[in-house]
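Commentary on secondary and tertiary structure
Now for the letters of each chain:
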Amino acid sequence: MAVSGTKPKPEFTEAESSAWVRDMFGRVAPRYDLLNRILSMQIDRVWRWRTARILKPWLGPRARVLDLCCGTGDLLVALEAVAPARYIGADFCFPMLVRTNEKSSAPLMEADGLHLPLQSNSLDLVTIGFGFRNFVNYRGGLEELLRVLKPGGHLAILEFTQPPNRLVRGFMGFWNRYVMDPIGRLVSGQGDAYQYLPESVSRFPDAPLLARMMGEQGFTQVSFRYFDAGIVALHLGQKPL
Ligand SMILES: C[S@@+](CC[C@H](N)C(=O)[O-])C[C@H]1O[C@@H](n2cnc3c(N)ncnc32)[C@H](O)[C@@H]1O
């Protein structure tokens, strides 16, 4: 596979990419929710609610659930509304966690998804909404998530993807270039961030490839479904029993 992880600049090492991504999310954190609502026309909310409803069978008062890359907490809040569980939120960007803390009473951790300060075999479910794409090492990330899941535990990755339909792909290219980039720059004041975000989607493995990588890293029962003509995909996988 050509893409091993996100790389905001071709010359960056993994450590430099990771620091850049963390800093960039820190800069956009104050306007992140507002921009999400404007740029997706509220559809991002529907994607998270749909995901939470799909995951409902794995939630419950005894389930230990990590929402990794929780950002401002929108996926965590959607999960909490669907069913009670022992939720934890984690993100490596402190300004994002501050926003989650305003919305959820779940315990929060400032942690890198590639090196989680959690015991092996300790979680029933890990969810990641629009965060996995920003990992500097996708295989390393999958390995770490497999480590912390209990045997039989599930991983759910909700992420932007390459729409399989050429026309939808073309429309998304237009949207990113002529709508997302200028509005993102204007509202956030962070031009490089709203250039990076669509670029990172175009470099991210497409849905079938991500599913294959999950299988190669040891997940079983791997499946994915597209939402809304394949703008985003929800991948599911299970740690073998
Ligand atoms: C686009 S936001 C998504 C937030 C939220 N899950 C949502 O659905 O809106 C991506 C988040 O992933 C976090 N992130 C990216 N790479 C990470 C890593 N390696 N470890 C922990 N958090 C990471 C960023 O700090 C950011 O808050």
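Above this note sits the structure.
Definitions and cut-offs
All residue numbers refer to positions counted from 1 along the written sequence of the respective chain. Since the coordinates come from a predicted model, pLDDT governs what is reported: local features require at least 70, and pairs of side-chain atoms require 80 or more to be given and counted, while whole-chain, interface and lining totals use all residues. Here a strand is any run of E in DSSP of at least two residues, a helix any run of H or I of at least four, and the numbering for each starts at the N terminus. The reference for a compact globule is 2.2 Å times residues^0.38; the radius of gyration itself is calculated from the C-alpha atoms. Burial is judged by counting the other C-beta atoms within 10 Å of a residue's own C-beta: 20 or more makes it buried, 12 or fewer makes it exposed, and any count in between marks it as partly exposed, with every C-beta position built from the backbone. Each residue gets a C-beta atom placed from its backbone, and two residues are in contact if those atoms lie within 7 Å. Using the backbone to place each C-beta atom, any residue with that atom within 6 Å of a molecule or strand is considered near it. Basically, the charged four are Asp, Glu, Lys and Arg, the nonpolar ten are Ala, Val, Leu, Ile, Met, Phe, Trp, Tyr, Cys and Pro, and anything else, Gly included, counts as polar. Joined through C-beta atoms within 7 Å, a set of buried Ala, Val, Leu, Ile, Met, Phe, Trp, Tyr and Cys residues constitutes a nonpolar core. The axes used here are C-alpha line fits, helices contributing only the stretch in contact, and every angle between their N-to-C directions lies in the interval 0 to 180 degrees. Should an angle lie under 35 degrees it is considered roughly parallel, over 145 roughly antiparallel, and from 65 to 115 roughly perpendicular; all remaining angles are considered oblique. In this scheme, a crossing is called left-handed if the near helix is turned counterclockwise away from the far one by less than a right angle; it is called right-handed if the turn is clockwise. Pairing between strands requires that DSSP locate at least two bridges from one strand to the other. By convention a crossover is right-handed if, when the strands point away from the viewer, the path from the first strand over the helix to the second runs clockwise.

1. Digging into the overall build of the protein
- What the protein contains, in helices and strands, is nine helices and seven strands.
- Radius of gyration (C-alpha) of the protein: 17 Å, near the 18 Å computed for a compact globule of 241 residues.
- Residues counted as buried form 43% of the 241 residues belonging to the protein.
- Nonlocal contacts in the protein, meaning residues at least 24 apart in sequence, comprise 66% of its contacts between residues at least 6 apart.

2. Describing the site of the ligand
- Neighbouring residues of the ligand: 21 residues in total, closest C69, G71, C93, G129 and G131.
- Within the residue set of the shell around the ligand, elements represented by two or more residues are α1 (14-28) and α4 (74-82).
- Among the elements that make up the shell around the ligand, the one with the highest residue count is α1 (three residues).
- Looking at side-chain class alone, the shell around the ligand contains 11 nonpolar, five polar and five charged residues.

3. Looking at the nonpolar core
- Membership of the largest hydrophobic core comes to 67 residues, with the highest contact counts inside it found for L79, V126, A156 and L158.
- The element contributing the most residues to this core is strand β5 (residues 149-160), with six residues.
- With residues up to four places along the chain from it excluded, the contact list for V126 reads L66, L68, L145, V148, L149 and L155.

4. What about the packing of helix α3 (residues 43-55) against α4?
- Orientation of α3 relative to α4, taken along the N-to-C sense of each, is 45 degrees, at an axis distance of 9 Å. One way to sum up the angle between α3 and α4 is to call them oblique. Along this stretch, α3 crosses α4, giving a crossing that reads as right-handed. Judged by residue contacts, R48, W49, T51, A52, R53 and L55 of α3 engage D74, L75, A78, L79, A81 and V82 from α4.

5. So, the pairing of strand β7 (residues 232-238)
- Summarising burial for β7: six of the seven residues are buried, a large majority.
- Sheet topology note: the β5/β7 ladder contains seven bridges and is antiparallel. Bridging across to β7, L158 finds its partner in L234.
- Taken together, strand β6 (residues 220-227) and the strand that follows it, β7, pair antiparallel across an intervening segment of four residues, in which D228 is found at a positive phi of about 45 degrees.

6. Things to note about the environment of E199
- Structurally, E199 is set in helix α8 (residues 191-203).
- Residue E199 is classed as partly exposed on the basis of its 15 C-beta neighbours within 10 Å.
- Put simply, E199 and R185 are 14 residues apart on the chain and 15 Å apart in space, counted from C-alpha to C-alpha.

7. Observations regarding the sheet that holds β5
- Taken in spatial order, the seven strands line up as β3-β2-β1-β4-β5-β7-β6 in an open sheet, and their pairing is mixed. Bordering the open sheet on either side are β3 (108-110) and β6, each of which pairs with just one other strand. For this sheet the average axis-to-axis angle between neighbouring strands, irrespective of direction, equals 15 degrees.
- Sheet strands touched by helix α6 (residues 138-148): β4 (123-129) and β5. Its angle to β5, the strand with the most contacts, is close to 140 degrees.
- On the sheet, helix α9 (residues 207-216) packs against β6 and β7 and is oriented at approximately 160 degrees with respect to β6.

8. Focus: unusual backbone geometry
- Backbone geometry at C69 places phi at a positive 60 degrees, although glycine is not the residue there.
- Among the secondary structure elements, C69 is positioned in the loop between β1 (64-68) and α4.
- The phi torsion at Q221 lies on the positive side, around 50 degrees, for a residue other than glycine.
- The topology assignment puts Q221 in strand β6.

9. Let's talk about the pairing of β5
- Taken across its 12 residues, β5 has nine buried, putting it largely inside the fold.
- Chirality of the crossover, the property in question, places the unit of β4, α6 and β5 among those that are right-handed.

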